[in-house]
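# Understanding the architecture of this molecule
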Amino acid sequence: MNRRRLGRKGPEVSAIGLGCMGMSEFYGTADEAESIAVIHRALDLGVDFLDTADMYGRGHNEELVGRAIRDRRDEVVLATKFGIVRGEGAERAVDGRPAYVRRAVEASLSRLGTDRIDLYYLHRRDPNVPIEDTVGAMAELVTAGKVGRIGLSEVNADTLRKAHATHPISALQSEYSLFTRGIEAEILPTARELGIALVAYSPISRGLLGGTLGPAEQLPDDDFRKHLPRFAGENGTRNEELVAEVRKIAEEVGCTPAQLSLAWLLTRGEDVIPIPGTKRLRYLEENAAAADVTLTAGQIAALEAAVPAGGALGDRYPDMSSVEL
C-alpha cells in the first residue's frame, strides 16, 4: 500500500483509508463479525488509516473499532470525530463548547479502549461558538497527550484559516468525489496553502459511483441513501447515466468503476487521502487495490469530460445547513 502524509508534518498513512461508519448503521443491516474481519483484513493489506465518530451508531462504532484493534493498536492511525449530538429519533444538534470537547474526548477514549486518538476531528462547526474557542480546547488535548493531531470536517476556507491560526490543523475531512467537487474552488487550495491534508469521505459517492446499487426505491428502508436527493427520482436517473460513462472508461482502463473513482481522486494531489467506507470484505479488497491503478493523462481527461464538475444532480443531504460551503 502506497503511503501519504497526514498534513505537512504529520504521520504517514495508507494512501487509501477505511471509513467504518456503515459497520454500525445508515447502510442497512450490519454484521459485526464481518465488520471486525474487514478491519483486520484492512490492516493486513496495509490500510492503516481508520475513520470513525462518536455519533456513528450512538457510540457503537467506536466500541466496535476499539475491539477490532485492541491487539493491533500500534498498527493503526486512528481517527474519530465529535461535535454532532444525537437526540431522540433523527434529532441532532452541534456542540463545539470547550466543556463539551473535554467530555467528548473522554467518552471516545473509553469506547475505543485506548489512551490516545491519533487524529481528532470537529465533526461540524458549532455556529454559536467561535472556532478559536473549540480549537483551543482541542489543542489542550494535544498538550495533555490524549490527542495526537486535530482536524476539522466540512468547514469553509475562512473557518479553516481561523482554526489553523489557533493551532495547526493536520487534516480537513470533506466529501470529495467525481460527483462532489465544490471544494476545488477555494477550500482545497486553502488547505493546500496551509499544509493541511484533504481526507475525502464518500469518495465513491456513497456507492453510487460503484455502479451496482440500482434504483433508490429498491434500497431497504434502513438505508439512508434512499432519502438522499442525489439518489432519488430524476436526479438518480441522470446520475446513473453518468455512472454508465464511468463504467465505460473503467472497462478501458481494466478496473471497476469504484476503483477508477478512487484512482482519479489519488491523481488530485499527494495530499488527498480517500477513505471509502465498507462493511464487506470483497469491497475492501476492491477499494484497496485501487491504489495500484495508474491512469494516463488521456484517461483522466476523458473521465473529467464524461463527468464534468457540477454534472451530478441533487444535494448531498436533504438538509445542507450544517455543511459550510
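An unreviewed UniProt entry annotates the protein as Oxidoreductase of Streptosporangium carneum.

Among the nonpolar cores identified, the biggest contains 82 residues, and L18, I39, L152, L160 and Y176 are the most heavily contacted of them. The element contributing the most residues to this core is helix α8 (residues 257–266), with seven residues. Dropping the residues within four chain positions of it, I39 is found in contact with L18, C20, M23, L50, L64, V65, A68 and I69. Within the second largest apolar cluster, 13 residues are counted, among which are V13, F49, V77 and I273.

The subject of this paragraph is the sheet that holds strand β4 (residues 49–51). Spatial strand order, β3-β4-β5-β8-β9-β10-β11-β12: eight strands in an open sheet with parallel pairing. Of all the strands in the sheet, the pair left with one neighbour each is β3 (18–19) and β12 (272–274). Pairing analysis gives four bridges linking strand β5 (residues 77–82) to strand β8 (residues 117–122), with the strands arranged parallel. Each bridged residue has a counterpart across the sheet, and for A79 the counterpart in β8 is L119.

This brings us to the pairing of β5. Counting buried residues in β5 gives six out of six residues, a clear majority hidden from the surface. The alternating pattern of β5 places V77, A79 and K81 on one face and L78, T80 and F82 on the opposite face, and all of these are buried. The β-α-β motif built from β4, the intervening helix α2 (residues 60–69) and the parallel element β5 has right-handed crossover chirality.

Located in the positive-phi region is S202, a residue other than glycine, with phi close to 50°. When you line up the elements, S202 lands in the loop between β11 (197–201) and α7 (233–253). Backbone geometry places R206, a non-glycine residue, at a positive phi of 55°. By the secondary structure assignment, R206 is in the loop between β11 and α7.

Below, the discussion takes up the side chain of S35. Its place among the elements puts S35 in helix α1 (residues 32–44). A relative accessible area of 0% means that S35 is categorised as buried. Residues contacting S35, with those up to four places away along its chain left out, are M23, L64 and K279.

Moving on, we come to the pairing of β11. Of all the five residues making up β11, five are buried; the element is thus mostly covered by neighbouring parts of the structure. Going residue by residue along β11, you find A197, V199 and Y201 tucked away on one face and L198 and A200 tucked away on the opposite face as well. Relative to β11, strand β10 (residues 171–175) runs parallel, the two sharing five bridges. Among the inter-strand pairings, S174 is bridged to a residue of β11, identified as A200. Both β11 and β12 contribute to a ladder of three bridges, which runs parallel. Looking across to β12, one finds that L198 is bridged to V272.

The first and last C-alpha atoms of α7 sit 31 Å apart over 21 residues, in line with the 30 Å expected at 1.5 Å per residue. Residues of α7 that are buried include every one of G236, N239, L242, V243, V246, I249 and A250, and no others. Along α7, the residues classed as buried sweep out an arc of 130° about the axis, all on the same side. Exposed residues on α7 whose side chains face more than 90 degrees from its buried face are E234, E251 and E252. Along its buried surface, α7 packs onto α8 and α10 (297–306). At the C-terminal side of α7, G254 shows a positive phi close to 95°.

How each quantity is defined
- Residues numbered from 1 in each chain as written.
- Predicted model: local features only at pLDDT ≥ 70, side-chain atom pairs only at ≥ 80, totals over all residues.
- Heavy atoms only, no water.
- Core = buried A, V, L, I, M, F, W, Y, C linked by side-chain atoms within 4.5 Å.
- Buried < 20%, exposed > 50% of the residue type's maximum accessible area, 1.4 Å probe, protein only.
- Helix = DSSP H or I, 4+ residues; strand = E, 2+ residues; numbered from the N terminus.
- Contact = heavy atoms within 4.5 Å.
- Pairing = 2+ DSSP bridges.
- Right-handed = clockwise from strand over helix to strand, strands pointing away.
- Expected span 1.5 Å × (residues − 1).
- Arc of directions from axis to C-beta.

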